[in-house]
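# Working through the structure, step by step
Each chain is listed here by its residues.
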Amino acid sequence: MKQQFWDELSRVRDIFEQNSTMAVAFEAIVDEILRPGLYKIDSTEPADPIEYVFVTDILKNLVLYGYSTFKRVDVKGSAAYQVPDGAEVSVKFNADENRWVADKKNKYNFANIAEIGETDKDDDDDDNDDLEVVIISPPTENGPVSFAHRTLPEALRMERFMHHMELRDIHNSRRECFVTVDNNAISTSNTGMPWMHSSMPSGAALATGDYNSLVENRIEMLRALKESTQIRRFESGQGGTVGLGLRSNARAAPHIELDITDGHRQDECSHLRGREAELQFLLRLGHRVLQAMGVPPQQIGETPSAERAAGAERSTGAAIEAFASRCKHFRVVIAPALSTAGLRFGNVTRADAFERLFPLVTTDAAIEMMSGLFQVEESLFDRAAVEEMQTLKRSMGNRGDAVKNEAEPKKRQKTSYEKQVTVEEKAQPSV
């Protein structure tokens, strides 16, 4: 059971490294989480590149496995943090300490598990004490519980589909020769001169007495071509495979049709319906992978339904808001790890949100929002000036709404008769 658990972790890692759509989804998650930026605690100094790598490695483990571990190491007198891959260092629940602790893969020698002594186990437990744990969803005995693990079925279907497409293209790229014979076959010699024009012998052939050999050669040629054509037809059918188009005594191998379908219904293979069907199916598979990874296709500029793109504004906004809320949960989970490393997320305020909320929030909240919007320290803002600006903004907003309501009278709706007259006037040609 333990071996199957570690094999499942390795399987998730291998598929993630192979599938490019999963990598795109992970980059979208990292970009959204790190959008506020990383800064030193109690400072506006941005984080170092190595610290960005530290946070990205933790996020990768959380997305792939649902957990992550890290530890502090001293490098040339300065502190650094290492994040082992989740497929090599997992987590387990320690009932004695009532907490999750690190669980190393390399301490299990599955070939000689009986040879592991109590001393070795104690040493490994001491090493695990140096590792700190971050968990967004703990694993089960069968494998991880993560975004990447639930994406495996769709990612494997996509990889299998693309693999069959590649095999089919290689198969169809081989040089082949197909032979057909009609009743007026004309063959030539190596020099290009015709050696047989028709079944009727020429005068030269009759004069030399070569009529019998001419007929025999023609009959033999037609028989050979007919046999070769029958073999090729059988090989190219359902029970065979396409050959070289040449006569051969080898038995025809059974033809194997690569099943390139969506896997949900018994239907004609997609490549038989055309390249456009293949591209549409790949696009749908890509959207499924993105959604299973927790990333809506709209986040990376994709449109799930091109036919309803004009009316999908509400659903798109809801999907992006849900994605932002999910990434906010990631920030909350890794906040203790950032605090241990002396890091914090920056405060970023959207301009549209600031414009709407500035008159409605308290003065302290307004100063915090302005600090996130302009990326300056909160101590630089004058509290009295901000409060006066809020009061002015409130009064201007109320007065502006009143003037707007008075200046814009209600528009009268056209009757059906007026609409019909307008249509007829537009239809008349201009003079």
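The structure we're discussing is the one just above.
Just so we're clear, the structure is a prediction, and the values are computed from it rather than from any experiment. All chains use their own residue numbering, which begins from 1 and follows the written sequence. The model is predicted, so local features are restricted to residues of pLDDT at least 70 and side-chain atom pairs to those at 80 or more, both for listing and for counting; the totals for chains, interfaces and linings are taken over all residues. Side-chain numbers here rest on the full set of heavy atoms in the structure, without hydrogens or water.

## What about the pattern of salt bridges?
Note on pairing: side chains with opposite charge can pair once their charged atoms come close. In what follows, salt bridge is the name for a side-chain nitrogen of Lys or Arg lying within 4 Å of a carboxyl oxygen of Asp or Glu. Evaluated as defined, the whole model comprises 13 salt bridges. A salt bridge links Asp85 to Arg13; the shortest N-O distance between them is 3.7 Å. Taken together, the positions of Asp85 in the loop between strand S3 (78-82) and strand S4 (89-94) and Arg13 in helix H1 (residues 2-18) put the pair 72 residues apart, joining distant regions of the chain. Taking the shortest distance from any N to any O, the salt bridge between Glu32 and Arg331 comes out at 4.0 Å. Of this pair, Glu32 sits in helix H2 (residues 20-33) while Arg331 sits in helix H10 (residues 313-340), and the two are 299 residues apart along the sequence. Throughout, exposure labels follow a simple rule: accessible area from a 1.4 Å probe, protein chains only, divided by the maximum for the residue type, with under 20% read as buried, over 50% as exposed, and the rest as partly exposed. Accessibility expressed as a relative area gives 16% for Arg331, which makes it buried. Three or more residues joined by partner-sharing salt bridges are found here, namely Arg13, Asp85 and Glu88. Only DSSP runs of H or I reaching four residues or more are called helices, and only runs of E reaching two or more are called strands; each is numbered from the N terminus.

## What about the sheet that holds S3?
Strand pairing in a sheet takes place through backbone hydrogen bonds and is either antiparallel or parallel in direction. What makes two strands pair is DSSP finding at least two bridges between them. Taking strand neighbours across the sheet as the criterion, the 3 strands line up as S3-S2-S6 in an open arrangement whose pairing is antiparallel. Both outer strands of the open sheet, S3 and strand S6 (132-135), are each paired with one neighbouring strand and no more. Here the strands of the sheet are splayed against their neighbours by 30° on average, with no regard to which way each runs. As paired strands, strand S2 (residues 67-75) and S6 are joined by 4 bridges and run antiparallel to one another. Counterpart to Thr69 in the pairing with S6 is Val133. Running at roughly 155° to S6, H10 makes contact with S2, S3 and S6 of the sheet. Here the axes come from fitting lines to C-alpha atoms, over the contacting stretch only for helices, and the angles between their N-to-C directions go from 0 to 180 degrees. We call two residues in contact whenever any of their non-hydrogen atoms come within 4.5 Å of each other.

## Comments concerning the packing of aromatic side chains
The criterion for an aromatic pair is that two Phe, Tyr or Trp rings (for Trp, the six-membered ring) have centres within 6.5 Å, with stacked assigned to planes under 30 degrees apart, edge-to-face to planes over 60 apart and tilted to the rest. Evaluation of the coordinates by the stated rule reveals 10 aromatic pairs. With 5.4 Å between their ring centres and 40° between their planes, Phe54 and Tyr81 make a pair best called tilted. Of this pair, Phe54 sits in helix H3 (residues 49-65) while Tyr81 sits in strand S3; the two residues are 27 residues apart in sequence, bridging distant segments of the chain. Grouped by ring-pair contacts, the aromatic residues Phe54, Phe70 and Tyr81 constitute a single cluster.

## Some details on the nonpolar core
Counting 54 residues, the largest nonpolar core has Met22, Val55, Ile58, Leu59, Val63 and Ile334 as the members making the most contacts within it. Contributions of two or more residues to this core are made by H1, H2, H3, S2, helix H5 (147-172), helix H9 (275-292), H10 and strand S9 (343-345). For this core, the element with the highest residue contribution is H3, accounting for 8 residues. Buried Ala, Val, Leu, Ile, Met, Phe, Trp, Tyr and Cys residues form a nonpolar core when they are joined through side-chain atoms within 4.5 Å. Counting 8 residues, the second-largest nonpolar core is a separate cluster that includes Phe358, Ile367, Met370 and Phe381.

## Brief notes about the pairing of S4
By the bridge criterion, 6 bridges tie S4 to strand S5 (residues 99-104) in an arrangement that is antiparallel. Counted as the bridge partner of Val91 is Ala102 from S5.

## Focus on the side chain of Ser146
With respect to the helices and strands, the residue Ser146 is situated in the loop between S6 and H5. With a relative accessible area of 11%, Ser146 lands in the buried category. Any N or O atom pair separated by 3.5 Å or less is treated as a polar contact, with the protein-specific requirement of one donor-capable and one acceptor-capable atom, and with residues adjacent in sequence counted only for side-chain atom pairs. Of note is the side chain of Ser146, whose polar atom sits 2.5 Å from the backbone oxygen of Leu64. Of note is the side chain of Ser146, whose polar atom sits 3.2 Å from the backbone nitrogen of His149. Setting aside anything within four residues of it in sequence, one finds Ser146 in contact with Leu62, Val63, Leu64, Tyr65, Gly66 and Ser137.

## With respect to the packing of H2 against H10
Close contact between H2 and H10 brings their axes to 9 Å; oriented N to C, the two are set at 70°. Judged on the interaxial angle alone, H10 and H2 are roughly perpendicular. On H10, the residues touching Ala28, Ile29, Glu32 and Ile33 of H2 are Phe323, Ala324, Cys327, Phe330 and Arg331. Along the lines of polarity and charge, the residues of the contact of H2 with H10 split into 7 nonpolar, no polar and 2 charged. Just so you know how the angles are binned, under 35 degrees is roughly parallel, over 145 roughly antiparallel, 65 to 115 roughly perpendicular, and the rest oblique. Under this grouping Gly is polar, as are all residues other than the nonpolar Ala, Val, Leu, Ile, Met, Phe, Trp, Tyr, Cys and Pro and the charged Asp, Glu, Lys and Arg.

## A word on H3
Because the α-helix completes a turn every 3.6 residues, residues three or four places apart line up on one side. Relative to the 24 Å expected for 17 residues at 1.5 Å per residue, H3 spans 24 Å between its end C-alpha atoms, a close match to the ideal helical length. Along H3, the residues that are buried comprise Glu51, Phe54, Val55, Ile58, Leu59, Asn61, Leu62, Val63, Leu64 and Tyr65. The first or second residue beyond H3 is Gly66, which carries a positive phi of 90°. Expected helix span is given by 1.5 Å per residue-to-residue step, counting one fewer step than there are residues.

## Description of a nonpolar patch on the surface
Like charges within 9 Å and nonpolar side chains (Val, Leu, Ile, Met, Phe, Trp, Tyr) within 5 Å are joined into patches, using only residues over 30% in relative accessible area that form no salt bridge. With residues, only the protein chains shown are counted as cover, and all accessible areas are computed by Shrake-Rupley using a 1.4 Å probe. A surface patch of nonpolar side chains, about 300 Å² in accessible area, is lined by Phe374, Val376 and Leu380. You can see Phe374 is positioned in helix H12 (residues 363-374).

## Some points on unusual backbone geometry
In this structure, Asn98 takes a positive phi of about 60° despite not being glycine. Tracing the backbone through its elements, the reader meets Asn98 in the loop between S4 and S5. Given the relative accessible area of 58%, Asn98 is considered exposed.

## What to know about the packing of H1 against H3
The geometry of H1 relative to H3 is characterised by a closest axis approach of 10 Å and an angle of 115° between their N-to-C directions. Taken together, the axis directions place H1 and H3 in an arrangement best described as roughly perpendicular. Both H1 and H3 take part in a crossing whose hand is right-handed. Contact residues: H1 offers Leu9, Val12, Arg13 and Phe16, while H3 offers Lys60, Leu64 and Tyr65. Class assignment for the residues of the contact of H1 with H3 results in 5 nonpolar, no polar and 2 charged. Here a crossing is called left-handed whenever its near helix is offset anticlockwise from the far helix by less than a right angle, and right-handed whenever the offset is clockwise.

## Brief notes about the environment of Pro46
Assignment of secondary structure puts Pro46 in the loop between strand S1 (38-40) and H3. For the pair Pro46 and Phe345, spaced 299 residues apart in sequence, the C-alpha separation works out to 9.8 Å. Beyond its immediate chain neighbours, meaning those up to four positions away, Pro46 contacts Leu38, Tyr39 and Lys40.

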